[in-house]
Structures are given as C-alpha cells and as structure tokens.
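# Observations on the model geometry
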Amino acid sequence: VHLVDGTFELFRCFHGAPRARTASGREVGAARGLLATITSLLHEPDVTHVAVAFDSVVPPPGAAKGSSPDQLIAAQTGLAADAVRALGVPVWPSGRYQADELLATGAARFAADPDVDQVVICSTDNDFNQCVRGARIVVLDRIRRLVTDETMVRERYGVGPEQVPALFALAGERSDGPPGAPGWGP
C-alpha cells in the first residue's frame, strides 16, 4: 500500500513543474504535474494500492483566489484531488486533521492487516520516520528514490523510530518541526 502526501506533491509540482494556465487564465501547472507524478507511481511494477491525502478540506476548484504561491497552490488543490480521483485513486481530504495524521493512521492500520505486505509512506517529511516499523512500514522519498526502513532511521538519528518524536522535541527538526529545547542538540 502506497500512501502519498498529496499536499507535499502539489507543493513540489508547483515549484518544479512548468506553469500552465487554462484559456480563462487559471493556473493548473501544479495539478497537471501532480497528475503526472501519480500516474508515474501507478505504473511502478510493485505498486498495487495507492491513496492520496491532502491537508484541509479539499476546496472546490477556484475556491482560493490570489497570486501568492500559497494561494496558487491552494487554488489547485481541488483540481488535483479531482485528477487523482479520476485515476481511480482514493483521496483522503483531511477536514480538521492534517494529511500527516491521516497517512500515519492509515500506515498503522494497513500494517496491522495480514493481507498487506508493506506500507510505503511517500513523502520527504522527516516526521514520518516515527511511523517506520522494520521493513513493514517504510518512508519513500520519491525525489531521491530513497527508502527509509528502521535500520536507516537508527543509522541517521541514533534512535529507533519510536524515539524520533522525543529527539525532535529536544533537538529540533529544521524542515517543519519544533525548534527544540535551548541547549539541546542531536
């Protein structure tokens, strides 16, 4: 089971894919890029089941207005979710939760299913390293094609996955985590 952080993928595509506009001038390049990345994932030989989670309730297309990157990305979330659904992939809009919480919960539930061989969380968010369990739940950085299993978590951080939240709380985590406690470091 591959669980994709759709919010991150849309952000990545906004900053990495070519810009594109509809005839009416609406920006759609990130949504088009996300469609391409999910299609690519679906064509991987070991991928059988995929779900994508987006932060916040997925707004209808065109709901967010404005020209800042955050506004342009938000305006494409609904279109991106529709494109993913059109591929037959379940979309988990997060409502009052964040996509991270949905993906972590999904990973734990699918890992408990004896019919599931492996759960792959597709994200570059270091917070997901706390979800890793042996080689049963892993994190895939699709950009670098890097799979992080429990051995890699221990090598990288010097602690097991279950200790990653405490490590980040004390030492901080620069990508999107807390700043850490004064006087503490890795």
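Residues numbered from 1 in each chain as written. Predicted model: local features only at pLDDT ≥ 70, side-chain atom pairs only at ≥ 80, totals over all residues. Heavy atoms only, no water.

Helix and strand counts for the protein chain stand at 6 helices and 6 strands. When the elements of the protein chain are put in sequence order from the N terminus, they spell out β-α-α-β-α-β-α-β-β-β-α-α. Its C-alpha atoms put the protein chain at 55 × 45 × 30 Å along the principal axes. A total of 186 residues make up the protein chain; the buried ones form 42% of that total. As presented, the protein chain carries roughly 9,900 Å² of accessible surface, and 56% of it is formed by carbon and sulfur atoms. Averaging the coordinates of the 17 positive side-chain charges in the protein chain and doing the same for the 22 negative ones gives two points 7 Å apart. (Helix = DSSP H or I, 4+ residues; strand = E, 2+ residues; numbered from the N terminus. Buried < 20%, exposed > 50% of the residue type's maximum accessible area, 1.4 Å probe, protein only. Areas by Shrake-Rupley, 256 points an atom, 1.4 Å probe, with all protein chains shown as cover. Lys, Arg positive; Asp, Glu negative; His and termini not counted. Charge placed at Lys NZ, Arg CZ, Asp CG, Glu CD.)

This brings us to the pattern of salt bridges. Taken as a whole, this structure holds 8 salt bridges when the rule is applied. The shortest N-O distance in the salt bridge between Arg12 and Glu9 comes to 2.9 Å. Here Arg12 and its partner Glu9 are both found in helix α1 (residues 6–16), 3 residues apart, which amounts to about one turn of the helix. Using a relative accessible area of 25% as the deciding quantity, one classes Arg12 as partly exposed. Glu9 sits in the buried class, given a relative accessible area of 2%. Arg154 is the partner of Glu162 in a salt bridge, and the nearest nitrogen-oxygen pair spans 3.9 Å. The network of salt bridges with shared partners includes Glu9, Arg12 and Arg142. (Salt bridge = Lys/Arg side-chain N within 4 Å of Asp/Glu carboxyl O.)

Attention now goes to the nonpolar core. Across soluble globular proteins, nonpolar side chains have a tendency to be buried as a group. By size, the foremost hydrophobic cluster in this structure holds 24 residues, and its most contacted members are Val4, Leu34, Ile38, Val50, Val52, Phe54 and Val84. Going through the elements one at a time, α1, α2 (29–42), β2 (50–54), α3 (69–86), β4 (119–122) and β5 (137–141) are the ones with two or more residues in this core. Val1, Ala107, Leu167 and Ala171 belong to the second largest nonpolar core, which has 23 residues in total. (Core = buried A, V, L, I, M, F, W, Y, C linked by side-chain atoms within 4.5 Å.)

In the structure shown here, the tally under the stated rule is 1 aromatic pair. Seen in terms of ring centroids, Tyr157 and Phe168 are 5.5 Å apart; in terms of plane orientation they differ by 75°. Their pairing is edge-to-face. In this pair, Tyr157 sits in helix α5 (residues 150–157) while Phe168 sits in helix α6 (residues 164–171), placing the two residues 11 residues apart along the sequence. As far as the burial class goes, Tyr157 and Phe168 line up, both buried. (Phe/Tyr/Trp six-rings, centres within 6.5 Å; stacked < 30°, edge-to-face > 60°.)

What follows concerns the pairing of β5. Two faces make up the sheet, and in a regular strand the side chains alternate between them. In terms of residue burial, β5 counts as a mostly covered element, since 5 of its 5 residues are buried. Pairing between β4 and β5: 4 bridges, direction parallel. Within β5, the position partnered with Ile121 by the bridge is Val139. With 3 bridges joining them, β5 and strand β6 (residues 146–148) adopt antiparallel strand pairing. Looking at the pairing, Asp141 lines up with Leu146 of β6. Here β5 hands over to β6 after 4 residues, with Arg145 in that stretch at a positive phi of 55°. (Pairing = 2+ DSSP bridges.)

In this structure the tally under the stated criterion is 0 disulfides. There is no disulfide at Cys13, and the cysteine sulfur nearest it, in Cys122, is 13 Å away. Among the cysteines around Cys131, which has no disulfide bond, Cys122 carries the closest sulfur, lying 13 Å off. (Disulfide = S-S within 2.5 Å.)

None of this, on its own, says anything about what the molecule does.
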